[in-house]
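Tertiary structure, described
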Amino acid sequence: MRVKICGIKRVEDAIMAAYCGADAIGLVVGQKHNSDDFIDKSLAKKIVNECLPYISPVLVTELDDAEEISNLAHEIGVTSIQLHSDCTVDSIISLRKSLPYIKIIKNFHVNGLEVIHAMKPFESVVDAFILDTLDLANDKVGGTGLVHDWNISRNIVKEISRPVILAGGLTPENIGKAIRFVKPYGVDASSGLKDSDGFKDEMKVINFVYRAKHEFFKVRNLSLEN
């Protein structure tokens, strides 16, 4: 079970997420919609440089131009990109040519079963998908704190050949149920792990990571002692 903590905005939160057992952190750079989690590329680069080696920093961006994304990823120093934009298949192919080592995760918003048909053309060009919730009222394409229909997400996991990461309103309180029901490859949380200051709350992160990993072992009928 891969666990990503998204919306990291300072070095200490990146280090804390690593110590809490997270596998990846999300650095949100390249803004086109509303979000409280955007940081500039210089801060993102600083976080990557000071990140512990056993956690993966992921560039989360709303940009859609392959060259612009490639330059940004290269400058920041990440090896994974999460696309929250309307990138085409051809754009992703172009991005892969410029950064052949990069892992690419494509975001899709779960708003009906038709999303499965929209995802199919991307199966051959991405490494994974992430399912999130769209908040049109507040012009947010991620970090909305809203849960979508997990029935649809569960169907997507069954129908799509690539790994599927579940996001959208996940918290320490609902993560166990989400994993049991959807059975995703990984999970991703941001707003549900914030403190009142807008940064990550350590106890929320600890509980989220522990419950996600523990539930995964239960779902897979694995023993933590083996």
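The rules behind these values
- Residues numbered from 1 in each chain as written.
- Predicted model: local features only at pLDDT ≥ 70, side-chain atom pairs only at ≥ 80, totals over all residues.
- Heavy atoms only, no water.
- Helix = DSSP H or I, 4+ residues; strand = E, 2+ residues; numbered from the N terminus.
- Buried < 20%, exposed > 50% of the residue type's maximum accessible area, 1.4 Å probe, protein only.
- Contact = heavy atoms within 4.5 Å.
- Areas by Shrake-Rupley, 256 points an atom, 1.4 Å probe, with all protein chains shown as cover.
- Lys, Arg positive; Asp, Glu negative; His and termini not counted.
- Charge placed at Lys NZ, Arg CZ, Asp CG, Glu CD.
- Salt bridge = Lys/Arg side-chain N within 4 Å of Asp/Glu carboxyl O.
- Disulfide = S-S within 2.5 Å.
- Core = buried A, V, L, I, M, F, W, Y, C linked by side-chain atoms within 4.5 Å.
- 1 Å grid on protein atoms, 1.4 Å probe; cavity = no way out; pocket = protein on both sides within 12 Å on 5 of 7 lines; lining within 4 Å.
- Points joined across faces, edges and corners; volume = space filled by probe spheres on them.
- Nonpolar A, V, L, I, M, F, W, Y, C, P; charged D, E, K, R; others polar.
- pLDDT = per-residue confidence, 0-100.
- Axes fitted to C-alpha atoms, helices over the stretch in contact; angles between N-to-C directions.
- Parallel < 35°, antiparallel > 145°, perpendicular 65-115°, else oblique.
- Pairing = 2+ DSSP bridges.

Moving on, we get to the overall build of the protein. From N to C terminus, the protein includes eight helices and eight strands. Considered along the principal axes of its C-alpha atoms, the protein spans approximately 45 × 40 × 40 Å. A total of 226 residues make up the protein; the buried ones form 54% of that total. Summarising the internal contacts of the protein: among those between residues at least 6 apart in sequence, 58% fall at separations of at least 24. Counting every atom, the protein has about 10500 Å² of accessible surface; 50% of that belongs to carbon and sulfur. Positive and negative side-chain charges in the protein, numbering 27 and 31 respectively, have mean positions lying 6 Å apart.

For the rest of this paragraph, the subject is the pattern of salt bridges. Enumeration over the complete set of coordinates arrives at 12 salt bridges. The partner of lysine 213 in a salt bridge is aspartate 23, with the nearest N and O atoms 2.7 Å apart. Here lysine 213 is found in helix α8 (residues 202-219), whereas its partner aspartate 23 is found in the loop between α1 (11-19) and β2 (24-28), with 190 residues between them in sequence. Residue lysine 41 is joined to glutamate 75 by a salt bridge in which the shortest nitrogen-to-oxygen separation is 3.4 Å. Of the two residues, lysine 41 sits in helix α2 (residues 41-50) while glutamate 75 sits in helix α3 (residues 66-76), which places them 34 residues apart along the sequence. Exposure remark for glutamate 75: the relative accessible area of 38% places this residue in the partly exposed category. Salt bridges here are not isolated pairs; linked through shared partners, they connect Lys9, Asp37 and Lys194.

This next bit is on the state of the cysteines. Scanning the entire structure with this criterion turns up zero disulfides. Not part of a disulfide, cysteine 20 finds its nearest cysteine sulfur in cysteine 51, a span of 13 Å.

As a further point, take α1. When α1 is considered as a whole, its buried residues turn out to be Val11, Asp13, Ala14, Met16, Ala17 and Ala18. Contacts from the buried residues of α1 go to β1 (2-5), β2, α2 and α8. One or two steps after α1, the chain reaches glycine 21, where phi turns positive at roughly 100°.

Turning our eyes to something else, we now look at the nonpolar core. Considering soluble globular proteins, one finds that nonpolar side chains tend to be buried as a cluster. Counting 66 residues, the largest nonpolar core has Ile5, Ile25, Ile81, Ile156, Leu170, Val187 and Phe208 as its most contacted members. Among all residues touching isoleucine 25, those that are not within four sequence positions of it are Lys4, Ile5, Ile8, Ala14, Ala17, Ile47, Cys51, Ile55, Ser56, Pro57 and Val58.

Moving on to the layout of surface pockets. As a volume, the largest pocket reaches approximately 330 Å³. In terms of lining residues, the largest pocket is bounded by 21 residues, among which Arg2, Ile105, Ala128, Ile165 and Tyr185 are the most central. Contributions of two or more residues to the lining of the largest pocket are made by β1, β3 (56-61), β4 (80-83), β5 (103-109), β6 (128-132) and β8 (186-189). Per-class residue counts for the lining of the largest pocket are 11 nonpolar, four polar and six charged.

The subject of this paragraph is the confidence of the model for the protein. Of the residues in the protein, 92% reach a pLDDT of 70 or more, and the chain-wide mean stands at 91. Mean pLDDT per element in the protein: α8 is the minimum at 93, and strand β7 (residues 164-166) is the maximum at 98.

At a closest axis distance of 8 Å, the pairing of α2 and α3 adopts a crossing angle of 45°. One finds that α2 runs oblique with respect to α3. Here α2 contributes Lys41, Ala44, Lys45 and Val48 to the contact with α3, which in turn contributes Leu72, Glu75 and Ile76. Of the residues belonging to the contact of α2 with α3, the class tally is four nonpolar, no polar and three charged.

Within the closed barrel, the eight strands sit side by side as β1-β2-β3-β4-β5-β6-β7-β8. Their pairing is parallel. Between one strand axis and the next, the sheet turns through 25° on average, direction left out of account. When β1 meets β2, the two strands line up parallel, connected through two bridges. Bridge pairing in β2 places lysine 4 opposite alanine 24.

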